[in-house]
Structures are given as C-alpha cells and as structure tokens.
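# Residue-level structural notes
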Amino acid sequence: MKPLLIGGEWVTTSHGMKNVNPSDIGDVIDIYAQAGRAETQTAIEAASQAATAWGMSNLQQRHDILHRIGVEILSRKEELGALLAREEGKTLQEGIGEVMRAAQIFLYFASEALRQKGDVFASTRSGIGIEITREPVGVVGIIAPWNFPIAIPAWKIAPALCYGNTVVFKPAELVPGCAWALADILHRSGLPKGVFNLVIGPGSVVGQAILDDPRVNAISFTGSQSTGARVANASVPFLRRIQLEMGGKNPLVVLDDADLDVAVECAVDGSFFSTGQRCTASSRLIVTEGIHARFVSGVVDRLATLRVGHALDKATDIGPVVDANQLSQDLDYIAIARSQGGHLRFGGELVRRETEGHFLAPALIVETSPDMRINREEVFGPVASVIRVKDYDAALHVANDTEFGLSAGICTTSLKHAVDFKRKAQAGMVMVNVPTAGVDYHVPFGGRKASSYGPREQGTYASEFFSVVKTSYTSA
Ligand code: UN1
C-alpha cells in the first residue's frame, strides 16, 4: 500500500483504495492509503508549522528544489507517462506529453523563483519612499481533478512553492498514482519537512477537512461547478483566498471561409483527443451554412480513421472514458440529445476490445439547437454537437449564449472576423485556427462567467493568487 506524505514522513492508514485501469478493469495499479479527517488535520498543522521558515527561505534554495523536481520528472517521462495513461486512460503519447508539460512547469517556476520583483514609488509626501513587495499567502490547499493527473497538480504546486507557500495536496480519488509519484519526487527534492503534504481520500472527508480548517489560507481548486461552489461557500466565513477553475461548454466557430482541413483538425483534436475529458474541450461546433456539409463529412471521415482502445496500445488514438460513472453520464447525454431532436451522425456506441474497459466511440451529434441540454451542460466526454447557423453574427451570438466562458475558438481566413471574435468572445481564452484545448504553460490560464473565479493560473500571473501585496512607506 502506498502511504500518505505528512510532515515529511510517509504515513500508512488502515484503509486503502484500489487504483483501477480504465482500459482494463481487471488491472489494479496499486492500493493507496486513505487519509481521514485526523490525518488531513495533521497535514494542515505540518504545513502551518513549516510556513514561516519556507516563506523566508532563500530564492536559490527554491530555484534549486523546483529545478531538481522538473529535471527528475522530465528524465522519467516515459515511465510516468505510462503510469498516467494506465490510471487515467489518456493515450501513452498524450500521457508522455502531459508529463513533459508538468516538468516544464516546474522548470519555469524554478526560474520565476529568481525573478520575484516589486515596485518602487515616490510618495506624494516629501521624504518618504514607497516599496511594493509580495509575500507568501501561507498554507495553500490544492484540490485537483482527475483529467490531468500530473499537469494540473504541477501548475498549482510549483507556483505555490515558488512564491513561498506550503501545500496540502488532495488529488482526485481516481488518480492517486501520479499524485503519489509526484509526492515521492518532491519528498526527495530537498524540501524541508511539512512544506509539501499529500493526503489521498474522498472529497467528503479529506476535501471537507481542508475546507473546514481556518489554518488553510488559500485554496486552488479545479473540478466541477457544484464542488467549486462548496469551496467558495466554505471559504467566505474565513475570508479565505480562492481560485476556482470549473466547467466549460466551449464553442468552436467554423465560418464558410475557413480552411477546411484546419477546421476539421481543430474540431477533432479539441473535441475528442484526451477522450474529450478536458474543461477546454470544444463541445459546441458552431458552423455556418456554406461549409456545414463539407465540415461534417470531413469530421466524420477523420473520426473513422481514429482507433479507440487500450491507452497503452501504440495504435490507439483515443483512450477509454475514465470510469463507469463518467461513461454512463456520456451515454445519458447522447440519449438526451437524440431525444431532443439531435441526430447521431457518428459513434456514440460502446466499443469492445480484448480487455474490459470503458471504451466509447467518439460521438458527433448534428442538427442540434442552442437550447438543447447537450449545448448547455458540460458532458466531459468524447461527445460534440454541431449547431448550424446562418452567418458570423449568428455564430458569435450562439458562441456567447452559455453560462460558461473558458475557451472559445474560431476557424476563419478572414482577418475581420478573427479580430472581431477575439474582441467579442466572452471567454478567458480565445483561439484562432487552433484547437480550444491544449494550452501553453507560461501564459495565464482561466475563464470568465461560471467557468472560473479568482486570479488566473500559470505564467507570471500565478503570483497574483499565490502571493499577497505589501506596501511599505519609509521615511529615513
Ligand atoms: C488544456 O486544454 O491544455 O481541467 C488544459 C481542464 C483544464 C486544463 C486544460 N483545467 O481540462
């Protein structure tokens, strides 16, 4: 059984949980010790004890540790990528790509540790100087989702440590393997005891203990809207700092003047790669009349070339759905879309392979309208719907007609429409002729409306969440 990491010690508990491979449900990856409320509180106490010293630690030390972590992750990318693919169901290639991204994030924040800077202002009063500096927030609770088992933890943990905070990390229950591997690397990196703690367990126990604890000064969360609301409600009484990344219902607009190959590739990648299990996935394909027929048959032809199968099989393009619950949610949404008048144009059926896994053929639903549930609620699977519209203005209107606002894409060769869409899309990220999903690691990530709350993640903008500003006035 793999233990928890609390206060710099590996800790076992009496309960363990199986980590099962979604490509082959007979394959148990390992058993992971489950934290209860008491272990979580011990971890928070350890992080709290370690906070002052780590907050004052020198930047060379922080740089060296983050650098060491990044280098080790990178040097083990095949092995960790295979573990990721085995526990989450991403293909091996996608898994290795994600591990490389996690490594790059640690290396990026290793360098950022050396670039902590402030401002100097002249005062309105004579003889006084003003300095603006940034200081750590303290103990940060990190609650991560299952769909990026190493990259999302990395993009929360690396800036937290870079800016001098200590961490209590709760990974998603479905993916303890990558979380444990990451904790093991952090444990051997030279971090002082208690600076990083790993508590694995259910949200109702471990997550709740983090929410309830006033010693947790900030929480960075990625996951569902309903859990995000719980994080927010639990944090208000403490006036705790929060950063929430929740769902998306991201539009990809395809205009008549689009390059057809680019549009098909953007749609297939954005909607179906990583099994569509990305909050940045393009789930609404909004297509103008003149290209609609060519675009739909282009996507269908491309989907027909993709193989759904075991994540570790080199021939696989699309891995399994993460678990039985998610699979039944995906199937329910396909059924709901059909019952509301959508036509299933491709896929949507269970696929049988040699191993028993949650394999679903990517589903393309056409003839849908913006008010249907399939176009309003996040599915989080390999399911995309096509909405036919008259022209660019109608496309823009439909694109923005959603409670979400994470990523919005457009495929067009018109500079006029591209510029207008960049300006008017109500989303945190806009993509022109690139997929809505698959972002760089050195620039801000986040959305608007019901998708996100609080400062952006990633890049230098991460410092807005992971540090607090101090304004000092000095008269000599
Ligand atoms: C990406 O599209 O590269 O949970 C990243 C998610 C997002 C990350 C998407 N927070 O899917």
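Residues numbered from 1 in each chain as written. Predicted model: local features only at pLDDT ≥ 70, side-chain atom pairs only at ≥ 80, totals over all residues. Heavy atoms only, no water.

Our focus in this paragraph is the site of the ligand. Around the ligand there are 13 residues in total, and Arg101, Asn147, Cys279, Thr280 and Gly438 lie nearest to it. Cysteine 279 is positioned with one of its backbone polar atoms (N or O) 2.6 Å from an oxygen atom of the ligand. The contact in question runs from an oxygen atom of the ligand to an N or O atom on the backbone of valine 439, over 3.0 Å. Considered on its own, the ligand offers 320 Å² of accessible surface; in the complex 99% of this is hidden by protein. (Near = heavy atom within 4 Å. Polar contact = N/O pair within 3.5 Å; in protein donor to acceptor, adjacent residues only side chain to side chain. Areas by Shrake-Rupley, 256 points an atom, 1.4 Å probe, with all protein chains shown as cover.)

Next up on the list: the state of the cysteines. Counted under the stated rule, the structure contains 0 disulfides. The thiol of cysteine 411 is unpaired, and the distance to the nearest cysteine sulfur, on cysteine 266, comes to 3.9 Å. (Disulfide = S-S within 2.5 Å.)

Taken together, Met1, Val20, Ile25, Val28 and Ile31 make up a surface patch of nonpolar side chains, about 350 Å² in accessible area. Per-element accounting of the nonpolar patch gives the leading share, 3 residues, to strand S4 (residues 24–33). Here valine 20 lies in strand S3 (residues 16–21). Relative accessible area serves as the criterion here: at 32%, valine 20 is assigned to the partly exposed category. (Patch = residues over 30% accessible without salt bridge, like charges linked within 9 Å, V, L, I, M, F, W, Y side chains within 5 Å. Salt bridge = Lys/Arg side-chain N within 4 Å of Asp/Glu carboxyl O. Helix = DSSP H or I, 4+ residues; strand = E, 2+ residues; numbered from the N terminus. Buried < 20%, exposed > 50% of the residue type's maximum accessible area, 1.4 Å probe, protein only.)

A common measure of how large an interface is: the accessible area buried when the components associate. Along its sequence, the protein chain is carved into domain 1 (4–246 + 451–475) and domain 2 (250–432). Here the C-alpha centre of domain 2 lies 31 Å away from the C-alpha centre of domain 1. Per-residue buried area on domain 1 facing domain 2 is highest for Ser23, Trp146 and Ser451; these three make up 24% of the total on that side. Here domain 1 is connected to domain 2 by 0 salt bridges. Remark: the boundary between domain 1 and domain 2 carries 10 residue pairs in polar contact (both at pLDDT 80 or more). Residue assignment for the side of domain 1 that touches domain 2 shows that the elements contributing at least two residues are S4, helix H3 (77–88) and helix H4 (92–113). Taken together, the residues of the side of domain 1 that touches domain 2 break down into 9 nonpolar, 8 polar and 7 charged. (Domains from an automatic or database assignment. Buried area = accessible area lost by both parts, 1.4 Å probe. Nonpolar A, V, L, I, M, F, W, Y, C, P; charged D, E, K, R; others polar.)

This paragraph deals with the nonpolar core. Here is a general trend for soluble globular proteins: nonpolar side chains tend to be buried in one another's company. Counting residues in hydrophobic clusters, the biggest one holds 90 residues, and the most contacted among them are Phe106, Ile157 and Phe196. Each of two domains, domain 1 (4–246 + 451–475) and domain 2 (250–432), supplies a minimum of three residues to this core. Not counting chain neighbours up to four residues away, the residues in contact with isoleucine 157 comprise Phe106, Ile142, Val167, Phe169, Leu182, Leu186 and Phe196. Core analysis: the second largest hydrophobic core is formed by 29 residues, Ala263, Phe272, Ile291 and Val300 among them. (Core = buried A, V, L, I, M, F, W, Y, C linked by side-chain atoms within 4.5 Å. Contact = heavy atoms within 4.5 Å.)

It is worth spelling out the pattern of salt bridges at this point. Enumeration over the complete set of coordinates arrives at 21 salt bridges. Of the charged contacts, one joins glutamate 135 and lysine 470 as a salt bridge, the two residues approaching to 2.8 Å between their closest N and O atoms. One end of the pair, glutamate 135, is in strand S6 (residues 128–136); the other, lysine 470, is in strand S22 (residues 467–475), and 335 residues separate them in sequence. Looking at lysine 470, the relative accessible area reads 38%, which means it is partly exposed. Linking aspartate 401 and arginine 376 is a salt bridge whose minimum nitrogen-to-oxygen distance equals 3.0 Å. Pair noted here: aspartate 401 is in the loop between helix H12 (392–400) and strand S17 (404–405) and arginine 376 is in the loop between strand S15 (363–368) and strand S16 (383–389), with a separation of 25 residues, a long-range link.

Within the open sheet, the 3 strands sit side by side as S5-S6-S22. Their pairing is antiparallel. The sheet is open, and its two edges are formed by strand S5 (119–122) and S22, each paired on a single side. On average, each strand axis in the sheet is inclined to that of its neighbour by 25 degrees, with strand direction left out of account. Direction of pairing for S5 relative to S6: antiparallel, over a ladder of 4 bridges. (Pairing = 2+ DSSP bridges. Axes fitted to C-alpha atoms, helices over the stretch in contact; angles between N-to-C directions.)

This part covers unusual backbone geometry. With a phi angle near 55 degrees, threonine 275 is a residue other than glycine that sits in the positive phi range. Looking at the element boundaries, threonine 275 is found in the loop between helix H9 (260–272) and strand S13 (282–288). For threonine 275, a relative accessible area of 1% translates into the label buried. Not every positive phi belongs to a glycine, and glutamine 458 is a case in point at roughly 70 degrees. Of note, glutamine 458 is situated in the loop between strand S21 (452–453) and helix H14 (463–466).

Turning to the packing of aromatic side chains, a few remarks are in order. By the definition in use, this model includes 8 aromatic pairs. Aromatic ring contacts, followed pair by pair, group Tyr108, Phe109, Tyr163 and Tyr441 into a single cluster. Taking the ring centre of tryptophan 54 as reference, the NZ or CZ of arginine 62 above it sits at 5.9 Å. The ring of phenylalanine 148 has lysine 90 sitting right over it, with the charged end atom 3.7 Å from the ring centre. (Phe/Tyr/Trp six-rings, centres within 6.5 Å; stacked < 30°, edge-to-face > 60°. Lys NZ or Arg CZ within 6 Å of the ring centre and 35° of its normal.)

All right, on to the sheet that holds strand S14 (residues 343–346) then. What links the strands of a sheet is backbone hydrogen bonding, and the strands pair in either a parallel or an antiparallel sense. Spatial strand order, S14-S15-S16-S13-S12-S18-S19: 7 strands in an open sheet with mixed pairing. Among the strands making up the open sheet, the edge pair consists of S14 and strand S19 (429–432). The sheet shows a mean angle of 25 degrees between the axes of neighbouring strands, direction not considered. Pairing between strand S18 (residues 407–411) and S19: 4 bridges, direction parallel.

This paragraph deals with helix H13 (residues 415–424). Every buried residue of H13 is accounted for by Ala418, Asp420 and Phe421. Here the buried residues of H13 occupy an arc of 170 degrees about the axis, which is enough to place them on one side. H13 presents Leu415, Lys416, Lys422 and Arg423 as exposed residues on the side facing more than 90 degrees away from its buried surface. (Arc of directions from axis to C-beta.)

Let us look at the environment of isoleucine 318. Checked against the element boundaries, isoleucine 318 lands in the loop between helix H10 (289–304) and helix H11 (324–339). For the pair isoleucine 318 and glutamate 94, spaced 224 residues apart in sequence, the C-alpha to C-alpha distance is 9.6 Å. Excluding its chain neighbours within four sequence positions, the residues that come into contact with isoleucine 318 are Thr91, Phe272, Thr275, Leu306, Arg307, Val308, Gly309 and Pro362.

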